[in-house]
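Close look at the chain arrangement
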Amino acid sequence: MIKKFLIIIFTTLALTLNVNAGSDGDLILKKNEPSEVKDCFEKINRVTFAFNQTLDGVIFKPAASLYRKLPSPAKTGVSNSLENISHLLTIPNNVLQGDLKQAGINTGRFIINTTLGILGIFDVAQYLGLTNYEKEDYGQSLAKAGVGPGCYIVLPVLGPSTIRDTAASTLNFLGGDPWYNITVNKDTQYFENSDYYFSRGASGVDFRAKNYDSIENLENNSLDFYASVKSLYLQDRQQKILNSRKVVNTQDDSDWEEISQ
Amino acid sequence: MNKKKIILVIFLYFFTLNSSFSIEADVFVQSTVNRASKILSENLSKDEKIEKLKIIAEETVDIKGIGFYTLGSIRKNLDGDQKKKYSRLFREYFLKSFSSRLSEYTNPEIDVLSKEVLSENYTIVNSLLKGTSERPEVKIDWRVYTKNPENPLIRDLIIEGLSLARTQKEEFASILNSNDNDINVLFNTLEEFSKK
């Protein structure tokens, strides 16, 4: 399985790096500019979006509502554990992006939090100076290698994505995600399939709970909720690819020029 | 000699006058936030809070500018009457949307942390909305238009790196694109929202 995964990664990177040898930050920024990402499947996307909203109303929103009632330390513990598991996907992507220093830091974080932090419940590493954790995935690695996002797509249950990110996420199931390997692929005897699916579901509920008011607020005050979610998702993705919270090209100043005060 | 003195006095007068009225962007944001927090923590009905928040928004936000920015390039095709109508509808929409979003918060604590002068016209003010037991802390950056230093105006809120002005621009673009760029459809949508 690992062999297969390495071959896929090598081939993908060889192809993309070859084609995009001249890629730099500006090009990556431009390629991932939200207004440049085409909504080729808008009609189908809107239907899927409506389906996801119904699903949210039936499952995720009520679950998030209950989850919010848990005491703060419990919620922080769950959130920390889920974040700890995500290191398993982040570390290989740090390496793929050539960020070996961050790979080292995240490996340290994972080891410390899994042991001293009792399976990641406590983020002990942050007190030892290993802070500023940013999740990485194969979609981001491909983007860094210069692959454009392709069309915007809304996936059932999973939500907004792009063609590139959807294709890249299949690597998770082909040996690229150690957490998937040890749970679903049974590379060890210590975990069950259900551990993987439970962690994915819990991540969804945790995200929904953290953004509960913002999502409600956005839905109530949007003229086109679908378009708002799409814009926010693509802006967020652009930032994650660039690993920057900086205001990147937030507004083209020339666009304001003729607007007088 | 006297002439020189007069010129010097006039220069100093205007210099001190100018600097005494200019408001630093971070001070402006902190004072705006404090005003809004005070209203939100008062024992008022939701409608009363909304009315008071609208007054703050009208004084501190460049509503007209944001409106035309959000409209995108289609604004160039509008005639005078359409521009007037759009400005009126956008103002109503913005004030309703802005104040009802804010009125959900009770006593939000926002600390201004730093500022970054982008150009003569723009300063980004970085702030932090403190977390509660129900939500994590949130980074909020304010894009302040400082062309007139005596009257700085907010042009965008960037929440955890996501620009609200940009999101709104793409939302309006989506409505227009789905309706053959017919501005009347956008007018109707804005009107319906304000009547809700």
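Report on the accompanying structure.

Conventions and cut-offs
Residues numbered from 1 in each chain as written. Chains lettered and ligands numbered in written order. Predicted model: local features only at pLDDT ≥ 70, side-chain atom pairs only at ≥ 80, totals over all residues. Heavy atoms only, no water. Salt bridge = Lys/Arg side-chain N within 4 Å of Asp/Glu carboxyl O. Helix = DSSP H or I, 4+ residues; strand = E, 2+ residues; numbered from the N terminus. Buried < 20%, exposed > 50% of the residue type's maximum accessible area, 1.4 Å probe, protein only. Phe/Tyr/Trp six-rings, centres within 6.5 Å; stacked < 30°, edge-to-face > 60°.

Section: the pattern of salt bridges
Across all of its chains, the model carries 27 salt bridges over all chains by this definition. A salt bridge links E42 of chain A to R46 of chain A; its shortest N-O distance comes to 2.9 Å. Of this pair, E42 of chain A and R46 of chain A both sit in helix α3 (residues 42–67), separated by four residues, roughly a single helical turn. Judged by relative accessible area, which is 29%, R46 of chain A ranks as partly exposed. Between E109 of chain B and K130 of chain B there is a salt bridge; the shortest N-O distance is 3.3 Å. On the criterion of sequence distance, the pair formed by E109 of chain B in the loop between α5 (80–102) and β1 (110–117) and K130 of chain B in the loop between β2 (122–129) and β3 (138–145) is long-range, its members being 21 residues apart. On the accessibility criterion, E109 of chain B (44% relative accessible area) is partly exposed. Connected through shared salt-bridge partners, D56, K61, R208 and E216 of chain A make up one network.

Here we look at the packing of aromatic side chains
All names here are of chain A. For the structure on display, the rule yields 17 aromatic pairs over all chains. Ring plane angle 85 degrees and centroid distance 5.4 Å describe the contact between F49 and Y226, whose orientation is recorded as edge-to-face. Highlighted residues: F49 in helix α3 and Y226 in helix α11 (residues 225–242), separated in sequence by 177 residues. When its relative accessible area of 4% is taken as the criterion, Y226 is described as buried.

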